[in-house]
Amino acid sequence: MPQRAKALDIAYFAPFDVLLLSELLNLHGATLGEKMGEKESFQEVQKRGVQTLLSPASLGTLGCMALRFRFIWIVLLSLGLLASNSLALAGDNTDVKAPDYQSQLTSYDSFIERHRGTALAFEAQFLASRTALEAGRFKRAIRYLKDLDKGLSDIGDFILAMRAKAQRALKQWDSARSTWETLIRNHPSSPLRDEATYGIADSYYAEQELTKAYKHYSSAIKKFPKSDRKANAQLNQAMIAEKQKRWSDAEFIYEKFYYEKPSHPLTELAKDRLDNLMKMGFANKPSVSVRLARVDRLLSRRSLEKAQADLDGLEDEKLTSSQRLSYTSKRAVLAYRQENFSEAI
């Protein structure tokens, strides 16, 4: 595949400016290599591209920042400085090798040094920090991210979130909490406020500051009830309640998971904890009506094996006439969905 077409394919997942591509690849029907041989070196094309991107018309917007991110990436790619896994994104049929993170980071360092003090250098630092995080080199990521939110203020909240994640990975809980707090304070409209709020609670939980963690989880759940972090926060609250011997609070949350969220990934863990509380005598066996309600939810989610197991568990229970009717009805629905039509009738 010609390098020009490959570069275009690589850029498919982000918008790219036609002018920039024209400047960088000199698009008029020839490959990059041919044009470089005929007219000018890649360094000259790169220089003109940099001048375009650093012109007053190109600075100061997120859109142009995105263009510069892509420019940096294609510069390094065209110079052969990115790992082979980058080429795989372009539809290359060669086997994908493990990313050569060290080479990528070295290339970014060289680019940053050559463009020191410019917007391109800040943006290369951002890209380098992402690579360092992916590589698990969290201390190096933090070095790239230091004060970067000031250089790239338009995405300062994302930079702070990346820094907090690196600090969390290093178990620097106090630093991570401080970074999350800075994000909330400096970026009150950020879409990452929910992650920051839950992250603060997580940091207290990791430090075994259980009362503070429980309080902050409650605050996070109240402020961001639709966050995908909510369920994990609730389970953490239940485990905090256990540690503090608040058995009824723990029982309530575990039951809510198992009987109201039967398909949730954390439900089995909640059930194990609930069973353990019942074995120790710290929790009561759920009522028949609660168990029947769980069967309803399982049937609605087509979790037929789990519904079968729950109904089998109710078979020998003492049921009222209305509960027996509900039980029989659910048996019929289950049989129908299992295509056991004779039993369903």
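The structure this text deals with has already been given above.
Residues numbered from 1 in each chain as written. Predicted model: local features only at pLDDT ≥ 70, side-chain atom pairs only at ≥ 80, totals over all residues. Heavy atoms only, no water.

(A) Representation of the environment of D228 in the model. By the secondary structure assignment, D228 is in the loop between α14 (210–223) and α15 (230–243). Between the C-alpha atom of D228 and that of E195, which follows or precedes it by 33 residues, the distance is 9.2 Å. (Helix = DSSP H or I, 4+ residues; strand = E, 2+ residues; numbered from the N terminus.)

(B) Region of the structure containing the pattern of salt bridges. Applying the stated criterion across every chain yields a total of 18 salt bridges. E207 is the partner of R177 in a salt bridge, and the nearest nitrogen-oxygen pair spans 2.9 Å. A residue pair is termed long-range when its members are at least 10 positions apart, and R177 in helix α12 (residues 173–186) and E207 in the loop between α13 (193–206) and α14 qualify at 30 residues. Where D310 meets R294, a salt bridge forms, and the shortest distance between an N and an O atom there is 2.5 Å. On the criterion of sequence distance, the pair formed by D310 in helix α19 (residues 304–314) and R294 in helix α18 (residues 288–300) is long-range, its members being 16 residues apart. The burial state of D310 is the same as that of R294; both residues are buried. (Salt bridge = Lys/Arg side-chain N within 4 Å of Asp/Glu carboxyl O. Buried < 20%, exposed > 50% of the residue type's maximum accessible area, 1.4 Å probe, protein only.)

(C) Structural view of the packing of helix α11 (residues 156–169) against α12. Orientation of α11 relative to α12, taken along the N-to-C sense of each, is 165 degrees, at an axis distance of 8 Å. Considering their axes alone, α11 and α12 lie roughly antiparallel with respect to each other. Relative to α12, the crossing made by α11 is left-handed. For the pair formed by α11 and α12, the contact residues are D157, L160, A161, R163, A164, Q167 and R168 on the first element and W173, S175, A176, T179, W180, T182 and L183 on the second. Looking at the contact of α11 with α12 residue by residue, the classes come out as seven nonpolar, four polar and three charged. (Axes fitted to C-alpha atoms, helices over the stretch in contact; angles between N-to-C directions. Parallel < 35°, antiparallel > 145°, perpendicular 65-115°, else oblique. Left-handed = near helix turned anticlockwise from the far one by under 90°. Contact = heavy atoms within 4.5 Å. Nonpolar A, V, L, I, M, F, W, Y, C, P; charged D, E, K, R; others polar.)

Interpretation in functional terms is not warranted from these geometric data alone.
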